[in-house]
Amino acid sequence: MSDVDALIGGVDPEIAKSVRERAAAAERVLVKAGTNSLTDEDSRLDRVKLDKLVADVMDLRERGKEVVLVSSGAVGAGIGRLDRMNGVKAGTREEVIGADGAADSDSHRRDTDAEPIAQSQALSTVGQSHLMRHYTQSFERFDQTVAQILLTGQDLDTPERFRNFQNTIETLLAWDVVPIINENDAVAVDELQIGDNDMLSASIATGIGVDLLVTLTDVDGVYTGNPKYDPDATLIEAVGDNYDAVQRLIDESATDAFGGIRTKVEGAHDVSVHGIPAVIAGSGTSNVLERIATAKPTGTLFVPTSEETDD
Ligand SMILES: Nc1ncnc2c1ncn2[C@@H]1O[C@H](COP(=O)(O)OP(=O)(O)O)[C@@H](O)[C@H]1O
Ligand SMILES: N[C@@H](CCC(=O)OP(=O)(O)O)C(=O)O
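Residues numbered from 1 in each chain as written. Chains lettered and ligands numbered in written order. Predicted model: local features only at pLDDT ≥ 70, side-chain atom pairs only at ≥ 80, totals over all residues. Heavy atoms only, no water.

Identification of the protein as Glutamate 5-kinase from Halorubrum vacuolatum is taken from an unreviewed UniProt entry. Regarding the protein, the relevant UniProt record gives this comment under Function (unreviewed entry): "Catalyzes the transfer of a phosphate group to glutamate to form L-glutamate 5-phosphate." The protein has a UniProt comment under Sequence similarities (unreviewed entry) that states "Belongs to the glutamate 5-kinase family." (UniProt positions renumbered as here; feature names shortened; annotations may be inferred.)

Shown next as structure tokens:
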């Protein structure tokens, strides 16, 4: 068996099946949707994608599950809105922030003299309210109420603030509301610089005790190479004891801006170490969350550490 074959089939199929069943039975689920799952090729908010995500989330709600949504997309939504309403040409998200995820001081498409990071922060504040307007309307199709929470990593690290956050989440979930969380980009720049909503999601998932983390992106899971450029890239169906090998592979393939697949893998691994299953899957897959809720093989499954060591 080649190294890559060993990676792809790195988890015992029986263990993978039982973790899929456990994931399907999850009562509290955190769904994270990245920028690519909500915006078009010009980095603008894509309503068709947003409506699909909402319909997928509602599938979980109709199964009686509590759902917390972590949604990126504010910068993208701000780019489109400011262009349409104010004629500001901010460029794509990559042009605003820079291809390596750091501020691009040479950006020639900026209309203002603001530093790129300050510009991204301002874009996100315009985009966040626009994004929430669309979420509110889209969830209203299902008579589902939503709430907005803007957080920083510091809020999670400060015990009193974190307790307040937990209390708010518990109250909202008891009221059958879907909390929609994003980083508070106006006051913190971590996510804008490294695209770390993936790590924020992992911290929230363990902090509020979810039973499953689902990270949705624009590819169908974690591959042996970047599937956008490598035609031979193969889907890694499950990650468990093969984590170190997967991480090495990702380090070679992932040169993306904004965290890319690397922070998704890191976040999913972090929650799996806390005994929580995680799945990285494609937001474009039909009924993606229903598939996971019915234990169908979907995306890349992260086996909780306890499942492998118990065996
Ligand atoms: N080994 C890999 N497996 C899957 N995706 C990869 C891999 N290497 C790089 N990528 C890239 O990671 C991207 C997803 O990360 P990102 O662009 O940050 O998405 P999002 O906007 O959903 O957060 C994919 O579009 C893909 O091109
Ligand atoms: N807070 C930023 C998200 C930054 C981020 O982490 O994006 P992504 O890597 O696409 O999840 C926004 O809403 O645009």
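We are not done yet, so read on.
Undergrad: Teacher, can you tell me more about the UniProt feature "binding site: substrate" (unreviewed entry) in the protein here?
TA: Per the UniProt entry, the sites bearing "binding site: substrate" (unreviewed entry) are S72, D185 and N197 in this numbering. A stretch of 126 residues holds the annotated residues, and the largest C-alpha distance among them is 10.8 Å, short enough that they meet in one place. Relative to the elements of secondary structure, S72 occurs in the loop between strand 2 (66-71) and helix 4 (74-86). Its relative accessible area of 9% is what places S72 among the buried residues. Those residues in contact with S72, other than ones at most four positions away along the chain, are K32, A33, G34, T35, L38, L131, N182 and N197. Considering the arrangement of structural elements, one finds N197 in helix 10 (residues 197-207). (Helix = DSSP H or I, 4+ residues; strand = E, 2+ residues; numbered from the N terminus. Buried < 20%, exposed > 50% of the residue type's maximum accessible area, 1.4 Å probe, protein only. Contact = heavy atoms within 4.5 Å.)

Undergrad: What is the right way to read the site of ligand 1 from this model?
TA: Neighbouring ligand 1 are 23 residues, the closest being N36, T217, D218, N226 and K264. N36 is positioned with one of its side-chain polar atoms (N or O) 2.8 Å from an oxygen atom of ligand 1. Between Y223 and ligand 1, the recorded distance is 3.0 Å, taken from a backbone N or O atom to a nitrogen atom. When ligand 1 sits alone it has 580 Å² of accessible area, and the protein chains cover 94% of it. Only strand 5 (212-217), helix 11 (243-253) and helix 12 (260-273) provide two or more residues apiece to the shell around ligand 1. The greatest single-element share of the shell around ligand 1, amounting to 3 residues, is contributed by helix 12. (Near = heavy atom within 4 Å. Polar contact = N/O pair within 3.5 Å; in protein donor to acceptor, adjacent residues only side chain to side chain. Areas by Shrake-Rupley, 256 points an atom, 1.4 Å probe, with all protein chains shown as cover.)

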